[in-house]
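# A structural walkthrough
Chain by chain, the residues:
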Amino acid sequence: MQQIARSVALAFDNLSRPHRVMLGSLTVLTLAVAVWRPYVYHPEASPVIKTIELEKNDIRSLLPEASEPLDQSPDAEDDTIPQDELDDKTAGETGVHEYVVSTGDTLSSILNQYGIDMGDISQLATVDKDLRNLKIGQQISWTLNDDGELQRLTWEMSRRETRTYDRSGSTFKLSSEMQQGEWVNNVMKGTVGGSFVSSAKDAGLTTAEISAVIKAMQWQMDFRKLKKGDEFSVLMSREMLEGKREQSQLVGVRLRSSGKDYYAIRADDGKFYDRNGSGLAKGFMRFPTAKQFRISSNFNPRRLNPVTGRVAPHKGVDFAMPQGTPVLAVGDGEVVMAKRSGAAGYFVAIRHGRTYTTRYMHLKKLLVQPGQKVKRGDRIALSGNTGRSTGPHLHYEVWVNQQAVNPLTAKLPRTEGLTGSDRNDYLAQVREVTPQLSLN
Ligand SMILES: [Zn+2]
């Protein structure tokens, strides 16, 4: 220690006079600041502390579930309260800081400028990744605990949702509150002019609502085939919040095409049924034949093709069967293809509603034509060995939304109607909804 002092003194002596003066005055100044600071700080402290006490009480009432009891001790009026908390001008009477997100803001840039610990900020972003995408105009507010740490952050995400993050040890607990709007029923009617979509838009339906209508009706109606003059009536329940539409739910739809009426009415289970409570999604048969044949090749997206020897996905299942076996449509639908085509040989493709397509290949004889409507179980062809085939078999594919799936395991529509009290509830609903679906 002495040695250090001596070498410092020696170094000081070696300095030129102006440098010695400068270093000397700096030392004095530094000491003065160090010594004087508490005296400057002290006189200000007392009056401000009273405000802080008020704030604490208000914070406590806002945070009934705060895990740590707030400090009530009379020692609270000592001078250990950090300067930055005393300087806090953003906290109102309640101790709640409020901030409206503006251009360029991020959660960390906002909270950081108010002295919130970076560790807490990154905890928040971990608890809820959505916090990384604040939008301009959203309001966030927060309160601090006695230690000046973030206690609670509130984020008004939308008119609808407010998320709250409460301190829980070293992390935060997320809770969300959804604002409930008022559900209002709207009946929209129209006559098909050009396309159904444009006519429905003219009648006041949104794009999402039109999709819901088409989906509910998909098993009964191909909307592209509606004719000019066909009529529709749609009962839509819309949730309104602060005068704006939040979401809507289709309650029922009636369509009159070529003089015939079609209905789809929503049940409590969220599915659509006809007016008798029968399921509209007609069930699929698992196998396209009357009896089940041996599987000679499974669905396999990585299969080696036995003929070409190359890796080629096997997009269906092969059933070994004698030539001439009747091939059946697995569900109600429309034949979209029936022809001879290269490797597939004679083949048939059927579209079932909007989502499903089934394909049948290597057939010997076609029994249907493109455009033909088929019912579940209808004979569509006789099996064969045409195209690229190593023996008599039926190659059968199921496609869901443009994607081939395993026909043996895919989730397929099942025939289900309502029964018992569900059906009674539904029929009561039908009696209420149907009269509202009058046509113009
Ligand atoms: Zn095959």
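All of the points below concern the structure found in this document.

This part is about the sheet that holds strand S10 (residues 272-273). Taking strand neighbours across the sheet as the criterion, the five strands line up as S6-S7-S8-S9-S10 in an open arrangement whose pairing is antiparallel. Looking at strand neighbours, the two that pair on one side only are strand S6 (182-191) and S10, the edges of this open sheet. Examined bridge by bridge, strand S8 (residues 244-257) and strand S9 (residues 260-266) share six bridges and lie antiparallel to one another. Following the sheet pairing, Arg 256 is matched in S9 by Asp 261.

Another aspect to go through is the pattern of salt bridges. Per the stated rule, a full pass over the model turns up 13 salt bridges. Here Arg 152 ties to Asp 166 by a salt bridge, and the two come within 2.7 Å at their closest N and O atoms. With Arg 152 in strand S3 (residues 150-156) and Asp 166 in strand S4 (residues 161-168), this pair connects stretches of sequence that are 14 residues apart. For Asp 166, a relative accessible area of 14% corresponds to the buried category. Salt-bridge contacts for Glu 397 lead to Arg 359; the nearest nitrogen and oxygen are separated by 2.9 Å. Of this pair, Glu 397 sits in strand S19 (residues 393-400) while Arg 359 sits in strand S16 (residues 356-366), placing them 38 residues apart in sequence. According to the relative accessible area criterion, Glu 397 is buried, its value standing at 4%.

Counting 27 residues, the largest nonpolar core has Val 348, Ile 350, Tyr 360 and Ile 380 as the members making the most contacts within it. Listing elements by their share of this core, those giving two or more residues are strand S12 (317-320), strand S13 (326-328), strand S14 (333-341), strand S15 (345-352), S16, strand S18 (379-383) and S19. Counting 22 residues, the second-largest nonpolar core is a separate cluster that includes Val 192, Met 221, Phe 232 and Tyr 262.

Let us look at the coordination of the zinc ion. Ligation of the zinc ion by protein atoms is provided by His 314 (NE2), Asp 318 (OD), Asp 318 (OD) and His 395 (ND1), these donors lying 2.0 to 2.7 Å from the ion. If you look at the zinc ion, its four donor atoms make angles of 53 to 153° with each other, and the shape they trace is irregular. Sequence spacing among the residues donating to the zinc ion works out to H-x3-D-x76-H. On the criterion of sequence distance, the pair formed by Asp 318 in strand S12 and His 395 in strand S19 is long-range, its members being 77 residues apart. Judged by its relative accessible area of 7%, Asp 318 falls in the buried class.

Parameters at a glance
Residues numbered from 1 in each chain as written. Predicted model: local features only at pLDDT ≥ 70, side-chain atom pairs only at ≥ 80, totals over all residues. Heavy atoms only, no water. Pairing = 2+ DSSP bridges. Helix = DSSP H or I, 4+ residues; strand = E, 2+ residues; numbered from the N terminus. Salt bridge = Lys/Arg side-chain N within 4 Å of Asp/Glu carboxyl O. Buried < 20%, exposed > 50% of the residue type's maximum accessible area, 1.4 Å probe, protein only. Core = buried A, V, L, I, M, F, W, Y, C linked by side-chain atoms within 4.5 Å. Donors = N, O, S within 2.8 Å, 3.2 Å for Na, K, Ca; no water. Tetrahedral: all angles 85-135°; square planar, octahedral: opposite > 155°, others 65-115°.

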